[in-house]
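Per-entry structural report
If you want the building blocks of each chain, they are given just below.
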Amino acid sequence: MELKTQVQAEEGKQELFITREFNLPLALLFKAYEDPDIVAQWMGTNVIKLENTKHGSWQFETSYDGNVVFSASGVILEFIPDQKITRTFKMENTDFPVQLEFLDFEALSDDTSKLTMQIIFKTVAFRDQLLQMPFAQGLSMAHDRLQEILKQPSL
Amino acid sequence: MNLRRDVFQAIADPTRRAILVLVATQSMTAGAIASNFDSARPTVSKHIQILTECELLQPQQNGREIIYHLNGSKMKEIADFIEPFRKMWDDRFNKLEALMKNYKTK
C-alpha cells in the first residue's frame, strides 16, 4: 500500500515536497487550514493570529509546562479559498532563516482531495537540518513518555 | 576504549539526546551547549566527548572556538532521516482528517 503522506527531498536541492491525499472533500480540507480553532487542534499548537488574507500574518505558539517551547510566524502572500495558500514560515529563537511555503489544494473527487506543500529553504544545508529535527525530537519525546510510564506507581 | 562508543549507546542517555536536539536546531560551542543544562559543565563536556567519539557530533575549529555540528550521515546509521519527518506530518494529517470527518457529520 502506498503511503498516504509522502515527503520528497531530492538530494542537493533546497526544497522539499510534502503530499497527502485526504478522504475529505476539498472544502473541508481547506477549512482545516482556514479555521484557527481547527488548525490549533490538528497542529497541536496555539494559534495566536491567523489572518487569512493577502498581506495578512500568522503566529503559532506551543507551550509546555507554562514555557513557550515553539514559536513560529510569517506573512500570507496569497490566499485563494479551496485553491492555494502561499506564506512565509519563520521559527523564532533559532538560526533557521525564513522559509517560503506553497500550499496547493485540489479536488480528486467529490469526497477526496489532495494537498501539495512545497517548501523552499535558503540553503540545502538548512533543508537537511530541518529534516533531522523530528528525529531528535522523536527521541526525546519517546524518552519523556518512558519517564511518565515509569512514574506511575502501579508499575 | 573507543570501541564501546557506538551510536546506540550514545543515544541511550537522556542528556545526550537533549544535546542532539539542541545541536540539530543550531550548531554551537560546548559552552553554549552546557548553558542549556543544569548539570555541571564537566558532565556536559563528557557527554559531548562521547557524542563526538561516536561521530554524532562533528567538531569544527573556528578561530579560538570549536563549534559542534550534527553529523547527518552518521545519524542515518540509526534511522532514515526523512521517515520521522514524514511520520510527524502523517500524524498531523491523520488528526486533521479525523477531525474534519467529525466536522462533516455535525
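In this report, we go over the structure that sits alongside the text. (Residues numbered from 1 in each chain as written. Chains lettered and ligands numbered in written order. Predicted model: local features only at pLDDT ≥ 70, side-chain atom pairs only at ≥ 80, totals over all residues.)

1. Overview of the overall build of chain A
Broken down by element type, chain A carries 3 helices and 8 strands. Ordered by position in the sequence, the α and β elements of chain A form the string β-β-α-α-β-β-β-β-β-β-α. With 155 residues in all, chain A has 20% of them scored as buried. Restricting to contacts in chain A with at least 6 residues of sequence separation, those with at least 24 account for 34%. (Helix = DSSP H or I, 4+ residues; strand = E, 2+ residues; numbered from the N terminus. Buried ≥ 20, exposed ≤ 12 C-beta atoms within 10 Å, placed from the backbone. Contact = placed C-beta atoms within 7 Å.)

2. A look at the overall build of chain B
For chain B, the helix and strand inventory stands at 6 helices and 3 strands. Helices and strands appear in chain B in the N-to-C order α-α-β-α-α-β-β-α-α. Looking at chain B residue by residue over its 106 residues, the buried ones come to 27%. Put simply, of all contacts in chain B between residues at least 6 apart along the chain, 54% involve residues at least 24 apart.

3. Brief notes about the interface of chain B and chain A
Contacts between the two partners involve 31 residues from chain B and, on the opposite side, 32 residues from chain A. Among the elements that line the side of chain B that touches chain A, the one with the most residues is helix H6 (residues 82-105) of chain B, at 17 residues. Split by residue class, the side of chain B that touches chain A holds 20 nonpolar, 3 polar and 8 charged. (Nonpolar A, V, L, I, M, F, W, Y, C, P; charged D, E, K, R; others polar.)

4. Remarks on the sheet that holds strand S3 (residues 65-70) of chain B
All names here are of chain B. With antiparallel pairing, 3 strands are arranged side by side in an open sheet as S1-S3-S2. If you trace the sheet from one side to the other, it starts and ends with strand S1 (28-29) and strand S2 (57-62), each paired once. Of the strands in this sheet, S1, S2 and S3 are in contact with helix H2 (residues 14-25), which crosses S3 at around 100°. (Pairing = 2+ DSSP bridges. Axes fitted to C-alpha atoms, helices over the stretch in contact; angles between N-to-C directions.)

5. Some thoughts on H2(B)
With 12 residues, H2(B) should cover 16 Å at 1.5 Å per step; its first-to-last C-alpha distance of 17 Å lies within 8% of that length. Within H2(B), burial applies to Arg16(B), Arg17(B), Ile19(B), Leu20(B), Val21(B), Val23(B), Ala24(B) and Thr25(B). (Expected span 1.5 Å × (residues − 1).)

6. Things to note about the environment of Thr94(A)
Here Thr94(A) shows up in the loop between strand S6 (84-91) and strand S7 (99-107). A residue is classified by how many C-beta atoms lie within 10 Å of it, and Thr94(A), with 15 of them, is partly exposed. Considering only alpha carbons, one finds Thr94(A) and Phe70(A), 24 residues apart in sequence, at a separation of 9.9 Å. Ignoring sequence-local partners within four residues, the contact set of Thr94(A) consists of Thr25(B) and Gln26(B).

7. Structural notes on the environment of Gln59(A)
Residues and elements named next belong to chain A. One can find Gln 59 in strand S4 (residues 56-64). Residues Gln 59 and Ser 71, 12 residues apart in the sequence, show an inter-C-alpha distance of 7.5 Å. Among all residues touching Gln 59, those that are not within four sequence positions of it are Ile 48, Lys 49 and Ser 73.

8. Observations regarding unusual backbone geometry
All names here are of chain A. Phi angles above zero are rare outside glycine, and His 55 is one such case at about 70°. Structurally, His 55 is set in the loop between strand S3 (46-50) and S4. Looking at His 55, the number of C-beta atoms within 10 Å reads 10, which means it is exposed. One non-glycine residue with positive phi stands out, namely Asn 93, at about 60°. Looking at the secondary structure, you find Asn 93 in the loop between S6 and S7.

9. What to know about the nonpolar core
Ranked by size, the top nonpolar core spans 26 residues in total, and within it Leu20(B), Val23(B), Ile33(B), Ile48(B), Leu51(B), Leu56(B) and Leu57(B) carry the most contacts. Put simply, the parts of the chain that give this core at least two residues each are strand S2 (15-22) and helix H3 (124-151) of chain A together with H2, helix H3 (30-34), helix H4 (41-53) and S3 of chain B. Here the element with the most residues in this core is H2(B); it accounts for 5 residues. The next biggest cluster of nonpolar side chains, apart from the first, holds 12 residues, and it includes Leu26(A), Leu28(A), Phe93(B) and Met100(B). (Core = buried A, V, L, I, M, F, W, Y, C linked by C-beta atoms within 7 Å.)

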